[in-house]
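An overview of the molecular structure
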Amino acid sequence: MEENLVIVESPAKAKTIEKFLGNNYLVKSSFGHIRDLEKKDFGVDINNRYQPNYIISEDKKKVVAELKKVAKTAKTIWIASDEDREGEAIAWHLMEVLKLNPDTTNRIVFHEITKDAIQHAIQHPRHLNKDLVDAQQARRILDRLVGFEISPVLWKKVRPSLSAGRVQSVAVRLIVEREREITSTESLPYFKVTALFLVPEKNGRQTLLKADCTERFENEATASAFLGKCSTADFTIGEIVTKPAKKSPAPPFTTSTLQQEASRKLGFPVALTMSVAQRLYESGKITYMRTDSTNLSQLAINSAKKKITETYGEKYVKIRHYKTHAKGAQEAHEAIRPTNFFEEEVEGTSQEQRLYNLIWKRTLASQMADAELERTTVNILVSNAPERLQATGEVLKFDGFLGVYLESSDDESMGEDEKGLLPPLTLHQKLPLESMMAVQRFTLKPARYTEASLVKKLEELGIGRPSTYAPTITTIQQREYVVKEDRPGNSRSYVQMVLKGGNIRREERTEITGAEKAKLFPTDIGGVVNDFLMKHFEPIVDFNFTASVEKQFDEIAEGNLVWQNMIDEFYQPFHKQIAEALANSERARGERILGTDPATGKLVSAKIGRFGPFIQLGETSEDGEEKPLFASLQQGQSIETITLDQAMKLFDLPRELGEFEGKKVTVGIGKFGPYVKHDSQFVSLKKGVDDPYTVQLDRARELILERREKISNSLLKTFPEDPEIRVLQGRWGPYLAYKKLNIKLKKETKPEDLSYAICKELIDAELKKTKQKKSK
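Residues numbered from 1 in each chain as written. Predicted model: local features only at pLDDT ≥ 70, side-chain atom pairs only at ≥ 80, totals over all residues. Heavy atoms only, no water.

Turning to the overall build of the protein chain, a few remarks are in order. If you tally the helices and strands in the protein chain, you get 19 helices and 30 strands. Taken along the three principal axes of its C-alpha coordinates, the protein chain extends 95 × 85 × 65 Å. Of all 776 residues assigned to the protein chain, the portion counted as buried reaches 45%. In the protein chain, of all internal contacts separated by at least 6 residues, the share reaching a separation of at least 24 is 69%. If you average the places of the 117 positive and of the 112 negative side-chain charges in the protein chain, the two averages end up 3 Å apart. (Helix = DSSP H or I, 4+ residues; strand = E, 2+ residues; numbered from the N terminus. Buried < 20%, exposed > 50% of the residue type's maximum accessible area, 1.4 Å probe, protein only. Contact = heavy atoms within 4.5 Å. Lys, Arg positive; Asp, Glu negative; His and termini not counted. Charge placed at Lys NZ, Arg CZ, Asp CG, Glu CD.)

This is how it looks when you write it as C-alpha cells:
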C-alpha cells in the first residue's frame, strides 16, 4: 500500500517532482485530460441545462485503469495538475472518474517546480475550486456548440469539410481585414532630402555630419527646386538643444509577451515557444508559462537583486513592482521567470537553452537601473529657403539594464533613423555642404500580421487567454483559412537626385519592395468564410462580443455568474441565427466578375469551388452543348486581387511544345508547381529559372534527359520478371518503386539481398494497406 499518491498531468512533470518527495510518495501522470465531450449530439444535453456528456477516450482507458488501481490502495491522494482553469478541470475529472474521497484527496498547486515550492504546496493543500472548473466547462461547451452548429451551415452554403470556431473566426477576420486594408491603401510617393556636411575638427580632419530636411516634398518638381536653392545657399547652425533622457526596461514576461519576443528575437512560432516553455517548466527551470501577470514574488526580487549586485554592482539595481494591465488577468500569480537567477544557462536542446536565456535576461533586466542618455538636436538654417535641416545624436552615459537586454519591436520602420555621436558643433557655425540627396520614397501600407503581432492584437482586444493564443493560431493554419509564408517582393522604380559641386544629377533606379517573411496571409476560402460569418453570424466575429464572453468566463471563475445561465443567454438567439442562415442564405462562392475575354466576348469570373479557387471562362449554353472552361489559380494568386490579364494567362496552359522521341511534350502547372510531361512522365521545371509560359522544346528536352540520368544513377536493382519494379537510391536512403507506389525500406535491409519474391510481397502488402485506408 502506498502512503501517498501524487497525480500530475505530464510524465516530465512527474519525473521532476519525484526528486523532491520522499520514498513514501508515488508520482503518476494522467497524460493530460482523461476524458472529453462525446462527439455524438454535440456531447451536450441542451434540454437538460447544457449538461455535458463526458467519455473516457480510448487512448486513456489504460491510464485510467492504472490510476484507479493505485488510488484504491493509497492512504492520501494529492492532485497536482497546473494551477490554471485547465489544470483545475483535469483535477475535477480525475476526482469524478476515480471516485476519489474529498476527505482523503488534496488539491495542491505551485507556479514553479522547485523543492521549496513543492514542500510548501504539500504543507498548504486546498479544496478543488469548482468555480474554475465551471469556467473551463463553459468555454469548452460554448466552443463546442458554436463549432458543431456553424460547421454544417458552412458545408451546405460554402464548401464541404469546413469548420468554424469562436476565437479562431475572430483571428481570421483580423487577418482578412488587414489584407483588404493593404490592398485598398495606395502607397503615395514623396521625396526625402538628406544632406552631408563637412565639419572641421581641432586635429585638422573633417567629419561628416548627416542632417535630414524636416519637410517632405510631395513631388519631384518641388524637391528639385529645393536642391536648386541649396546649390547657392549658406548653411548655418541656428540651434543646439541637448536634453537628458532615460530608457526603462520592459516588464518580465507574460505568456503573450514571451510569444511575441521569442518570435521576433528567436524566430519561434508561438506553438513552438509554448512547447519549449512547457519543457522548461516541467524540468523546474522556469515558473508556470501560462500567465498574464507581470508580478514577481519578493523572493524572486531579492534573488535578482543579489545576482545584479554581484555581477554588475549596486548602482545597477533598481527594484520595480509591476502591475498587470491585461483585461481579465487571471491565469496565475507571477510572471514567467527563472526559478534560479544564479543559473544563467541550462542543459537541454538548443531551443530550450535559447528560450531560457531570453527569459533569464528579460527578468534580470526588469530589476535593473534605467539607461541614461544624452540626446542632442541640431537645427540647420538654409539662407535662401524656409525649410530647415536637422541632425540628431545620442550618447549613452550609463548603460543600466541595456548591458543585459533590450526589447525588440514589431514596427517595420524602426531602425531607419539610428542615432550616433555628433561631432563638436557651435551655435551660428557655418557648415560647408559636401552633398545633398533627394530620394523618392513611398508611404508604407499597413503591415501584415506575424504570429507575434497577431497575439499582441488579440490580447489588446481582450480576445482569448494565455492558454488559447497558440492553439488559435495553429488551428486557423491547419484549417487553411490562413497561410504563413514568405513572399518575394516586386521591382519598383524610384527617382534619386544628387546635388554635388553645384550640379544636380538625376537617376532612375529600381528596388525590390513588398518582400514578406513569415507573414500571415488569408486564403481565398478564409475570405469567403469570413464574409459569410460576417453577414449571417455577425456577433460570433464581433470583437467586443468575443471579449465580453471572455469577461463572462472570468465572472464564472470568480463565482459571480452561473455558467448554465451564461450559455443559455448566448445559445438561444444563436440557434435561431443558425436556422435563419440555413433557410434564407444563398450559397457563398466569393464570385468576382473580372470582365470579358477580348477574343470571344465570354464572361470571365473568379470563384471558390470544391477544390479551391478557380477562373471560369463562359457559361453553359441553354442547350447544354457549350460548356465553360476552368483554370485553377496559382500559388500566391487570389480571387480578390487577380486581374483579367492574369486570369486569361492561366488558360494558356497546358501548352504543347512539340515532339521528342516521337511522343508529345507538354508543359503545365500541377499541384506541385510547373512541369513538363513526356511519355506519361512528369519533370519539374527549375524554380526561378524556367517559366511555363515561355519555356521551349529544347529546354524541355534538357530537363527530360537530366531526369533520366538522375534516375539511372539512382537505380540500384531491377527484375526481368517485372521491369516496373525498381530499387532506387533516394535522398533518405534506398526505397522500392512500383508504378506510382514508393515503399520505404527498413534501415537494416540491404538492396542487394532483395529478391523479386520479397519485393512482390512488400508491394502486395502496401497495396492491401492502401485499399483498406480507402475503404475506411
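This brings us to the pairing of strand β26 (residues 681–684). Here four bridges tie strand β25 (residues 673–678) to β26, and the two strands are oriented antiparallel to one another. Among the inter-strand pairings, Y675 is bridged to a residue of β26, identified as S684. Remark: two residues form the turn of the hairpin made by β25 and β26, two consecutive strands paired antiparallel; D679 in that turn has positive phi of roughly 55°. (Pairing = 2+ DSSP bridges.)

Attention shifts here to the pairing of strand β7 (residues 76–79). Every other side chain in a regular strand lies on the same face of the sheet, so the side chains alternate between the two faces. Judged from the four bridges that link them, strand β1 (residues 4–8) and β7 form a sheet pairing that is parallel. Directly across from I7, in β7, lies its bridge partner I79. Of the strand pairs in this sheet, β7 and strand β8 (residues 105–107) are connected by three bridges, and their pairing is parallel. Bridge pairing links W78 to N106 in β8.

The geometry of helix α15 (residues 543–557) relative to helix α16 (residues 563–584) is characterised by a closest axis approach of 10 Å and an angle of 160° between their N-to-C directions. Considering the angle they form, α15 stands roughly antiparallel to α16. At the point where α15 passes α16, the crossing takes the right-handed sense. Two secondary-structure elements touch here, α15 through F545, V549, Q552, F553 and I556 and α16 through W563, M566 and F570. Across the contact of α15 with α16, the residue classes break down as seven nonpolar, one polar and no charged. (Axes fitted to C-alpha atoms, helices over the stretch in contact; angles between N-to-C directions. Parallel < 35°, antiparallel > 145°, perpendicular 65-115°, else oblique. Left-handed = near helix turned anticlockwise from the far one by under 90°. Nonpolar A, V, L, I, M, F, W, Y, C, P; charged D, E, K, R; others polar.)

Turning next to the sheet that holds strand β28 (residues 725–730). Overall, antiparallel pairing links the four strands, which are arranged β27-β28-β29-β30 in an open sheet. Each edge of the open sheet is held by one strand with a lone partner, namely β27 (715–718) and β30 (741–744). Shown here is a sheet whose adjacent strand axes are inclined to one another by a mean of 25°, direction ignored. Bridging between β27 and β28 involves three bridges; their strand directions are antiparallel.

Turning our attention to the packing of helix α5 (residues 130–157) against α15. Their axes nearest at 7 Å, the elements α5 and α15 cross at an angle of 150°. With respect to each other, α5 and α15 are oriented roughly antiparallel. In this structure, α5 contributes D131, L132, D134, A135, A138, R139 and L142 to the contact, and α15 contributes V549, E550, F553, I556 and A557. Across the contact of α5 with α15, the residue classes tally to eight nonpolar, no polar and four charged.

For the structure shown, the criterion picks out 16 aromatic pairs. Arranged with centres 4.8 Å apart and planes meeting at 50°, the rings of Y316 and F398 form a pair that is tilted. Here the residue Y316 occupies a position in the loop between α10 (298–311) and α11 (350–366), and F398 occupies one in strand β13 (residues 388–398), the gap between them amounting to 82 residues. Taken individually, Y316 and F398 each receive the classification buried, so the pair is uniform in this respect. An aromatic cluster of three or more residues is present, and its members are Y50, F537, F545, F570, Y571 and F574. Above the plane of the ring of W92 lies K130, whose end atom (NZ or CZ) is 5.1 Å from the centre. Positioned above the aromatic ring of F543, the side-chain terminus of R173 is 4.1 Å from the ring centre. (Phe/Tyr/Trp six-rings, centres within 6.5 Å; stacked < 30°, edge-to-face > 60°. Lys NZ or Arg CZ within 6 Å of the ring centre and 35° of its normal.)

Strand order in this open sheet of four strands is β23-β24-β25-β26, and the pairing throughout is antiparallel. Looking at the sheet topology across the chains shown, the edges are occupied by β23 (655–660) and β26. Between one strand and the next, the sheet's axes are offset by a mean angle of 30°, whatever the strand orientation. Relative to strand β24 (residues 663–670), β23 runs antiparallel, the two being bridged by five bridges. When the bridges of β24 are listed, R655 appears paired with V667. Sheet strands touched by helix α18 (residues 697–714): β23, β24, β25 and β26. Its angle to β23, the strand with the most contacts, is close to 65°.

This part covers unusual backbone geometry. Most of the time, phi is negative for any residue but glycine, and the peptide bond is trans. At the junction of L653 and P654, the peptide bond is cis and its omega measures out at -5° in the coordinates. By the element assignment, P654 lies in the loop between α17 (644–649) and β23. Its identity is not glycine, yet F42 carries a phi of approximately 70°, on the positive side. Among the secondary structure elements, F42 is positioned in the loop between β3 (35–37) and β4 (44–45). Notably, Y50 is not glycine yet its phi reads approximately 60°, a positive angle. Note on placement: Y50 falls in the loop between β4 and β5 (51–52). Using a relative accessible area of 2% as the deciding quantity, one classes Y50 as buried.

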